[in-house]
Amino acid sequence: MTPNMIQHTLNEAFPDASITVDGDGRHFYATIISDQFEGKLPLARHRMVYAALGDLMDEAIHALSIQAFTTSEHNNT
Amino acid sequence: MTTINDTIQSYIDAAPVVLFMKGTADFPQCGFSAQVVQILNECGVDFNAHNVLESDELRQGIKTFSQWPTIPQLYIKGEFIGGCDIVTELFQKGELQTLSSL
């Protein structure tokens, strides 16, 4: 598993998003900026990301830290 | 017959703040679990911790129960709060302290 593979999978689910993924092959850090997160609480945003990754979360990804922003939130931080 | 879901529900009902984690509160065996323990300690809240590494049934069961693929998982007053990222975010906003005040 590479950060690029995760980024590719996330890109398919969030085509509008700006996505960066870092990681060491087991632990990953993803930042996703997408207006699909508008009006959604952090819990719901994380569930959307986990749903997009599907089976990858079972074994291939040991740990994933997620930062999920809308465009306007990101511009304000 | 008691199912793993019944067992998990009984854990969640047994205390206001319940953490499912890798390792124990004294010896976390994962950086994310350790971070949640540290935050809860900083909030000064008592919590029950369950070590999923001691039971594969619990480790798989809690993922299905919460519909959440990663551990740690925090419950407050019976409600699923989230994993390490969300707990950290709530703590930084000061909201975790409000949620866990009894």
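Before reading on, note that the structure itself is shown above.
These numbers were taken from a predicted model, which means no experiment stands behind them.

### Comments concerning the environment of threonine 2 of chain A
For threonine 2 of chain A, the position within the fold is in the segment before helix H1 (3-13). In the structure, threonine 2 of chain A is positioned 51 residues away from leucine 53 of chain A in sequence and 13 Å away in space, judged by C-alpha atoms.

### Some words on the sheet that holds strand S3 (residues 63-69) of chain A
All names here are of chain A. If you trace the three strands from one edge of the open sheet to the other, you get S1-S2-S3, paired in mixed fashion. Sheet topology places strand S1 (18-23) and S3 at the edges, where each strand pairs with a single neighbour. Across the sheet, the mean angle separating the axes of adjacent strands is 10° when strand polarity is ignored. Across six bridges, the pairing between S1 and strand S2 (residues 27-33) is antiparallel. Paired with serine 18 across the strands is isoleucine 33, a residue of S2. Sitting on the sheet, H1 is in contact with S1 and S2, with an inclination near 155° to S1.

### Here we look at the interface of chain A and chain B
Between chain A and chain B, the residue contacts involve ten residues of the former and seven residues of the latter. The set of elements that each furnish at least two residues to the side of chain A that touches chain B consists of helix H2 (42-53) and S3 of chain A. Its residues assigned to classes, the side of chain A that touches chain B comprises seven nonpolar, two polar and one charged.

### A short note on the packing of helix H2 (residues 31-43) of chain B against helix H4 (residues 84-93) of chain B
All names here are of chain B. Packing of H2 against H4 brings their axes to within 9 Å, and their N-to-C directions diverge by 25°. The pairing of H2 with H4 is recorded here as roughly parallel in orientation. In this structure, H2 crosses over H4, and the sense of that crossing is left-handed. In this structure, H2 uses Phe32, Gln35, Val36 and Ile39 to contact H4, whose residues at the interface are Cys84, Val87, Thr88 and Phe91.

What counts, and where the lines are drawn
Residues numbered from 1 in each chain as written. Chains lettered and ligands numbered in written order. Predicted model: local features only at pLDDT ≥ 70, side-chain atom pairs only at ≥ 80, totals over all residues. Helix = DSSP H or I, 4+ residues; strand = E, 2+ residues; numbered from the N terminus. Pairing = 2+ DSSP bridges. Axes fitted to C-alpha atoms, helices over the stretch in contact; angles between N-to-C directions. Contact = placed C-beta atoms within 7 Å. Nonpolar A, V, L, I, M, F, W, Y, C, P; charged D, E, K, R; others polar. Parallel < 35°, antiparallel > 145°, perpendicular 65-115°, else oblique. Left-handed = near helix turned anticlockwise from the far one by under 90°.

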